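Observations on the three-dimensional arrangement
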Amino acid sequence: MSGSNGSKENSHNKARTSPYPGSKVERSQVPNEKVGWLVEWQDYNPVEYTAVSVLAGPRWADPQISESNFSPKFNEKDGLVERKSKNGLYEIENGRPRNPAGRTGLVGRGLLGRWGPNHAADPIITRWKKDSSGNKIMHPVSGKHILQFVAIKRKDCGEWAIPGGMVDPGEKISATLKREFGEEALNSLQKTSAEKREIEEKLHKLFSQDHLVIYKGYVDDPRNTDNAWMETEAVNYHDETGEIMDNLTLEAGDDAGKVKWVDINDKLKLYASHFQFIKLVAEKRDAHWSEDSEADCHGL
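1. A few points about the overall build of the protein chain
Of the regular secondary structure elements, the protein chain holds five helices and 13 strands. Taken against the 2.2 N^0.38 rule, which gives 19 Å for 300 residues, the C-alpha radius of gyration of the protein chain at 20 Å falls within 12% of a compact globule. With respect to the three principal axes, the spread of C-alpha positions in the protein chain is 65 × 50 × 35 Å. Per-residue burial for the protein chain yields a buried fraction of 49% across its 300 residues. Averaging the positions of the 42 positive and the 47 negative side-chain charges in the protein chain gives two centres separated by 2 Å.

This is the structure:
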């Protein structure tokens, strides 16, 4: 997605919703035709908002741009902090990065810690749905096998989502994917050392096999602002036989309120851009998606 086309394919809707998450702050309204930065809009007067939790200066957050000892290296690796975007170079205006997808009606960082891209990782763990005899279940209309994925119910907004989270400074994406899945879907943070080792061994088996990178880049997220935005790498790890995940007990932990296996289809209602990621997984695995035969034939 380039910065000039703004609202191409309605890719920038959640980033314009009000009130801003966790607040009563209303964004300035941005009509579809004014999203793109190349569109002149001299009267554009976005609201400024950065959450108190971010301004408090936790280790995962940048200081304010105005602080004299803070000189971030945008568009490059800045010490351990990755400030490069997966979508290419982004523009800097008045010392602040500019959202590559266009205007959001809000400046500052909102709930996001980093100026510019905030990198996350989303592990999509899948298996085939099976009957009591262990045979794959086929959907009666589409004739395709039904795929399931591990979904969590987010505590912050109550929506179902792919388990995932932020990449720590200096951390490899592969490590983030495994860590976040363990913390949110297996409650690994609350386990004993012996239990953690057992979980780690099983996860290593799952996460070291072939996988599909489903998506890399900007995501339309309700937390995005003109100066800070979410980017993710969504990766599918598929347990073909189901044996690995059969030996792991799902248990919600960390940011997750609930966790369960969910059948993949076009009726799902999921957080942020997760619906699109799950649709891509179904297409790439040639699994059931829709009872409408035409919907199964077209990509995003």
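Picking up where we left off.
2. Some details on the packing of helix H2 (residues 173-185) against helix H3 (residues 193-207)
Geometrically, a packed helix pair is captured by the angle between its two axes and the distance between the axes. Interhelical geometry of H2 versus H3 gives an angle of 130 degrees and a closest axis separation of 11 Å. With respect to each other, H2 and H3 are oriented oblique. Crossing hand, H2 versus H3: right-handed. Only Glu200, Leu203, His204 and Phe207 of H3 make contact with H2, whose side of the interface consists of Leu177, Lys178, Phe181 and Gly182. Here the contact of H2 with H3 is composed, by residue class, of four nonpolar, two polar and two charged.

3. Details of the packing of aromatic side chains
Considering all chains together, one arrives at nine aromatic pairs under this definition. With centroids separated by 4.9 Å and ring planes inclined at 35 degrees, the aromatic side chains of Trp41 and Tyr44 adopt a geometry described as tilted. Residue classification places Tyr44 among the buried residues on the basis of a relative accessible area of 16%. Among the aromatic residues, those joined into a cluster by ring pairs are Trp37, Trp41 and Tyr44. Above the ring of Trp41, the side-chain terminus of Lys34 is found at 4.8 Å from the ring centroid. Lying across the ring of Trp261, Arg127 places its NZ or CZ 3.9 Å from the centre.

4. Here's the deal with the confidence of the model for the protein chain
The predicted model of the protein chain has a mean per-residue pLDDT of 89, with 93% of residues at 70 or higher. Confidence, expressed as mean pLDDT per element, reaches its minimum in the protein chain at helix H4 (residues 243-246) with 86 and its maximum at strand S6 (residues 106-110) with 98. Between residues 1-9, whose pLDDT stays under 50, and residues either more than four places distant or in other chains, the model counts 17 contacts.

What counts as what
Residues numbered from 1 in each chain as written. Predicted model: local features only at pLDDT ≥ 70, side-chain atom pairs only at ≥ 80, totals over all residues. Heavy atoms only, no water. Helix = DSSP H or I, 4+ residues; strand = E, 2+ residues; numbered from the N terminus. Rg over C-alpha atoms; globule rule 2.2 N^0.38 Å. Buried < 20%, exposed > 50% of the residue type's maximum accessible area, 1.4 Å probe, protein only. Lys, Arg positive; Asp, Glu negative; His and termini not counted. Charge placed at Lys NZ, Arg CZ, Asp CG, Glu CD. Axes fitted to C-alpha atoms, helices over the stretch in contact; angles between N-to-C directions. Parallel < 35°, antiparallel > 145°, perpendicular 65-115°, else oblique. Left-handed = near helix turned anticlockwise from the far one by under 90°. Contact = heavy atoms within 4.5 Å. Nonpolar A, V, L, I, M, F, W, Y, C, P; charged D, E, K, R; others polar. Phe/Tyr/Trp six-rings, centres within 6.5 Å; stacked < 30°, edge-to-face > 60°. Lys NZ or Arg CZ within 6 Å of the ring centre and 35° of its normal. pLDDT = per-residue confidence, 0-100.

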